[in-house]
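Structural overview for review
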Amino acid sequence: MFVSDLRHFLDLPDDVPGPARRMAERLTAIVRAATAGDAGAEWATAFPCDRRPGRRPCLGHIAVLRTEVPPAIEWRRTACGDEGVISGWEQSPYDLRPRLARPQSADARRVVIPADTAATLRDLQLLDSDTERLVFRAQALEEGVALFGDDDDIDELVGYVAAEANHEGNRRRQGRLDAAFEVLSRAIDGQQRP
Ligand SMILES: [Zn+2]
């Protein structure tokens with residue numbers, strides 16, 4: 001069981017060693033997912049496991065369980081079984097719990113995208129908080145990654161991808177964003193109602 005206090009990983013100096021930086025990225029991603037999704041039941045995030053058993057990438061994901069009272073986040077590697085708890089995340093920049101409960105939308109959608117598209121979406125830089133929650137509460141499925149949102153959420157996300165692709169100076173990253181835009185547009189056409 002890994003016990004981590006997120007506060008020890010915030011505002012790391014620029015010269016911090018790679019493993020500590022990767023650990024910080026991992027913990028902040030788990031906190032963003034756990035606080036973007038619903039509390040009270042464990043669910044599998046879209047974050048792939050970072051283990052390489054037998055030098056092959058583990059095909060598992062990181063599952064999270066957040067409780068409201070007291071506020072707590074537990075995580076678990078779905079395939080290889082490690083688990084941990086994170087403390088010190090409340091009111092951090094990665095605490096995505098909404099300030100106000102959103103009314104349930106009548107036009108809820110489930111849009112399934114490939115895992116690498118989901119990774120590109122998690123890398124978007126300028127999301128508003130509703131869209132950031134949409135990206136980070138995405139769930140791992142057998143067939144890919146499911147985004148859960150309503151029509152406005154999904155349209156907004158596509159808009160952010162397009163805007164960021166238009167302003168991206170790095171051609172490789174622009175290519176990834178363009179591909180994500182294509183995939184999202186196609187996925188929306190073939191969308192499923194949950
Ligand atoms: Zn694993």
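In case you missed it, the structure is sitting above this.
Here we summarise the structure given alongside this text. (Residues numbered from 1 in each chain as written. Predicted model: local features only at pLDDT ≥ 70, side-chain atom pairs only at ≥ 80, totals over all residues. Heavy atoms only, no water.)

This part takes up the coordination of the zinc ion. Coordination of the zinc ion by the protein involves Cys-49 (SG), Cys-58 (SG) and Cys-80 (SG), with metal-donor separations of 2.2 Å. Sequence positions of the donors to the zinc ion reduce to the motif C-x8-C-x21-C. With a gap of 22 residues between them, Cys-58 in the loop between β2 (43-48) and β3 (61-67) and Cys-80 in the loop between β4 (72-77) and β5 (83-87) connect regions that are remote in the sequence. We classify Cys-80 as partly exposed; its relative accessible area is 32%. (Donors = N, O, S within 2.8 Å, 3.2 Å for Na, K, Ca; no water. Helix = DSSP H or I, 4+ residues; strand = E, 2+ residues; numbered from the N terminus. Buried < 20%, exposed > 50% of the residue type's maximum accessible area, 1.4 Å probe, protein only.)

Quick look at the environment of Ile-73 now. Following the sequence through the fold, Ile-73 ends up in strand β4. For the pair Ile-73 and Val-85, spaced twelve residues apart in sequence, the C-alpha to C-alpha distance is 5.7 Å. Beyond its immediate chain neighbours, meaning those up to four positions away, Ile-73 contacts Ile-30, Val-31, Ala-34, Thr-35, Leu-65, Arg-66, Gly-84, Val-85, Ile-86 and Trp-89. (Contact = heavy atoms within 4.5 Å.)

This part is about the packing of aromatic side chains. For the coordinates displayed, the defined rule picks out two aromatic pairs. Measuring from ring centre to ring centre gives 6.0 Å for Phe-2 and Trp-75, while their planes differ by 20°; the resulting arrangement is stacked. Here the residue Phe-2 occupies a position in strand β1 (residues 2-5), and Trp-75 occupies one in strand β4, the gap between them amounting to 73 residues. Phe-2 gets classed as partly exposed once you look at its relative accessible area, which sits at 40%. Between Phe-47 and Phe-136, the ring centres sit 6.2 Å apart and the planes meet at 55°, which makes this aromatic pair tilted. Of this pair, Phe-47 sits in strand β2 while Phe-136 sits in helix α3 (residues 129-136), and the two are 89 residues apart along the sequence. Residue class for Phe-136 comes out buried when judged on its relative accessible area of 4%. (Phe/Tyr/Trp six-rings, centres within 6.5 Å; stacked < 30°, edge-to-face > 60°.)

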